[in-house]
Amino acid sequence: MHETTPIAFITGATSGIGQACAERFASAGWGLILTGRRLKRLETLKQHLAESVPVHVAEMDVTDRSSIERVVESLPEPFGNIRLLLNNAGVALGKGPAQEAELDDWLTMIQTNISGLVTVTRLLLPRLVAHGPGATIINIGSIAGHTPYPGGHVYGASKAFVEQFSYNLRCDLSGVGVRVTDLAPGMTESEFTEVRMKGDREVARRYYAGTRPLQPGDVAAQALHIAELPEHVNITRLEVAPLCQQWSPFTILRE
Ligand SMILES: NC(=O)C1=CN([C@@H]2O[C@H](COP(=O)(O)OP(=O)(O)OC[C@H]3O[C@@H](n4cnc5c(N)ncnc54)[C@H](OP(=O)(O)O)[C@@H]3O)[C@@H](O)[C@H]2O)C=CC1
Ligand SMILES: O=CCS(=O)(=O)O
């Protein structure tokens, strides 16, 4: 690997936005550390991308601290100088009202979207700080982090955490040249809704029917843009949504 090749560490690279980011960054010449629970998918992706850039894959569950520690501690030397951490792994579970939600679903969202993201970040911070100017953390938030909607409960709240954590990280890291961005997409067509609906593909298909959602590549293009800005430029927060997605109308329930 050439010593100037920038390295991106991506969580949740097995599908959707994470996979699209892997592809987009590879085509821009970035070396990649790709992680997720489904190792087979990572290996397939590596076969495809490793023809053009260096790729290291590792099975990693962000809800399991020891799994993250293992991956971080066993990074091959040429992949050690990480320029970008893309905290993308995330999950929404359930769309019904709070009073009908499964408590286990709420806890899984917290363990993945909050604890997982925080743990990966803390364990990789020394490498990002050592990299210095140009290093970037992109946290994938969501428009759900600041726009409430019925059924959004813990998912939206977890993304609100991602937004505020990003701002607070930025306060601490700007002095050492590490940039932090909350990249907040709106509706994006991926496996996200199928996972949310516990594997019900028909409900997921109906959710996107008649809309023109973002595609994962649309979000990946924004991530690459953020990462390749001049070192002194930090996009603090970037919201990107499909034109068809609205915040209104307000709903008022009447007796
Ligand atoms: N789709 C949308 O409308 C939007 C999505 N987002 C956010 O974008 C991010 C990516 O979602 P998207 O690509 O759409 O959805 P996908 O379901 O397609 O991808 C989710 C990714 O997260 C990974 N992941 C989930 N749980 C874990 C875990 N415990 N450990 C490691 N990896 C995990 C999955 O990998 P694996 O299962 O192999 O571990 C998968 O690669 C998420 O943070 C999501 O909240 C934000 C706004 C809109
Ligand atoms: O983060 C996902 C966007 S939404 O489905 O909650 O609106």
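What you are looking at is a predicted structure, and each value in this text was computed from that prediction instead of being measured.

Undergrad: Can you help me understand the packing of aromatic side chains in this one?
TA: Two measures describe an aromatic ring pair: the distance that separates the ring centres and the angle between the ring planes. On inspection of all chains with the given rule, the structure shows four aromatic pairs. Relative to F165, the ring of F161 has its centre 5.6 Å away and its plane inclined at 20 degrees; by these criteria the two rings are stacked. One end of the pair is F161 and the other is F165, both in helix 5 (residues 153-173) and four residues apart, which spans about a single turn. Judged by its relative accessible area of 31%, F161 falls in the partly exposed class.

Undergrad: Before we go on, may I ask you to explain the layout of surface pockets in this structure?
TA: Rolling a probe over the atoms, with the probe sized like a water molecule, indicates the empty space that remains. Of the pockets and cavities examined, the second largest pocket occupies roughly 200 Å³. As for the second largest pocket, its lining consists of 13 residues, of which E3, T4, T5, P6 and N81 are closest to the centre. Across the lining of the second largest pocket, the residue classes tally to six nonpolar, five polar and two charged.

Undergrad: What should I look at first to understand the side chain of T5 in this one?
TA: Structurally, T5 can be placed in the segment before strand 1 (7-10). Assessed through its relative accessible area of 18%, T5 is described here as buried.

Undergrad: Looking at this structure, I do not really get the environment of G12. What am I missing?
TA: Relative to the assigned elements, G12 resides in the loop between strand 1 and helix 1 (16-27). Taking the C-alpha atoms as reference, G12 lies 16 Å from I110; in sequence the two are 98 residues apart.

Undergrad: So what exactly am I meant to see when it comes to the nonpolar core here?
TA: In a soluble, globular protein the nonpolar side chains are often hidden away together inside. Core analysis: the biggest nonpolar cluster contains 32 residues, and I10, F25, L32, L34 and L183 have the highest contact counts within it. Counting 27 residues, the second largest nonpolar core, distinct from the first, contains F9, L75, L125 and V180.

Undergrad: Even after reading the chapter, I still don't get the packing of helix 4 (residues 103-131) against helix 5, so can you show me in this structure?
TA: A pair of packed helices is captured by two measures, namely the crossing angle of their axes and the spacing between those axes. Relative orientation of the contacting elements helix 4 and helix 5 amounts to 15 degrees, with a least axis distance of 9 Å. By the angle class used here, helix 4 and helix 5 are roughly parallel. Crossing of helix 4 against helix 5: the hand is right-handed. Every residue of helix 5 that contacts helix 4 at W106, M109, I110, N113, I114, L117, V118, T121, L125 and V129 is listed here: H153, V154, Y155, S158, K159, F161, V162, F165, L169 and L173. Tallied by class, residues from the contact of helix 4 with helix 5 come to 15 nonpolar, four polar and one charged.

Undergrad: It is not clear to me how a nonpolar patch on the surface should be interpreted in this structure. Could you clarify?
TA: Taken together, the side chains of L103, L107 and I110 present a nonpolar region at the surface, about 250 Å² in accessible area. With respect to the helices, strands and loops of the structure, I110 is situated in helix 4. Look at I110 and you get partly exposed, because its relative accessible area is 32%.

Undergrad: Just checking my understanding: could you explain the site of ligand 2 for this structure?
TA: Neighbouring residues of ligand 2: S142, A144, Y149, Y155, F192, R196, Y207 and Q245. A distance of 2.4 Å separates an oxygen atom of ligand 2 from a polar side-chain atom of Y149. Protein burial of ligand 2: of its 240 Å² of free accessible surface, 90% is covered by the chains.

Undergrad: Mind showing me how you'd approach the site of ligand 1 here?
TA: Around ligand 1 sit 29 residues in total, of which T14, S15, R37, Y155 and S190 are the nearest. N88 places a main-chain nitrogen or oxygen 2.7 Å from an oxygen atom of ligand 1. At a separation of 3.4 Å, an oxygen atom of ligand 1 approaches a polar backbone atom of F192. Elements that contribute at least two residues to the shell around ligand 1 include exactly helix 1 and helix 5.

Undergrad: So what exactly am I meant to see when it comes to the side chain of T35 here?
TA: With respect to the helices, strands and loops of the structure, T35 is situated in strand 2 (residues 31-36). Side-chain polar atoms of T35 contact the backbone oxygen of I10, separated by 2.8 Å. Those residues in contact with T35 that sit more than four places away from it in its chain are F9, I10, T11, G12, A13, L42, A58, M60 and V71.

Undergrad: Mind showing me how you'd approach the pairing of strand 7 (residues 237-240) here?
TA: Where a strand is regular, its side chains alternate between the two sheet faces. Across the two faces of strand 7 the burial differs, with L238 and V240 buried and R237 and E239 not buried at all. Of the pairings in the sheet, the one linking strand 6 (residues 179-185) to strand 7 comprises four bridges and is parallel in character. Bridged to L183 within strand 7 is L238.

Undergrad: Where do I start with the confidence of the model for the chain in this structure?
TA: In low-pLDDT segments, the atomic positions of the prediction should not be examined closely. Of all residues in the chain, 100% attain a pLDDT of 70 or more, and the chain-wide mean is 96. For this predicted complex, the interface confidence comes out at an ipTM of 0.99, alongside a pTM of 0.98.

Rules and cut-offs
Residues numbered from 1 in each chain as written. Chains lettered and ligands numbered in written order. Predicted model: local features only at pLDDT ≥ 70, side-chain atom pairs only at ≥ 80, totals over all residues. Heavy atoms only, no water. Phe/Tyr/Trp six-rings, centres within 6.5 Å; stacked < 30°, edge-to-face > 60°. Helix = DSSP H or I, 4+ residues; strand = E, 2+ residues; numbered from the N terminus. Buried < 20%, exposed > 50% of the residue type's maximum accessible area, 1.4 Å probe, protein only. 1 Å grid on protein atoms, 1.4 Å probe; cavity = no way out; pocket = protein on both sides within 12 Å on 5 of 7 lines; lining within 4 Å. Points joined across faces, edges and corners; volume = space filled by probe spheres on them. Nonpolar A, V, L, I, M, F, W, Y, C, P; charged D, E, K, R; others polar. Core = buried A, V, L, I, M, F, W, Y, C linked by side-chain atoms within 4.5 Å. Axes fitted to C-alpha atoms, helices over the stretch in contact; angles between N-to-C directions. Parallel < 35°, antiparallel > 145°, perpendicular 65-115°, else oblique. Left-handed = near helix turned anticlockwise from the far one by under 90°. Contact = heavy atoms within 4.5 Å. Patch = residues over 30% accessible without salt bridge, like charges linked within 9 Å, V, L, I, M, F, W, Y side chains within 5 Å. Areas by Shrake-Rupley, 256 points an atom, 1.4 Å probe, with all protein chains shown as cover. Salt bridge = Lys/Arg side-chain N within 4 Å of Asp/Glu carboxyl O. Near = heavy atom within 4 Å. Polar contact = N/O pair within 3.5 Å; in protein donor to acceptor, adjacent residues only side chain to side chain. Pairing = 2+ DSSP bridges. pLDDT = per-residue confidence, 0-100.

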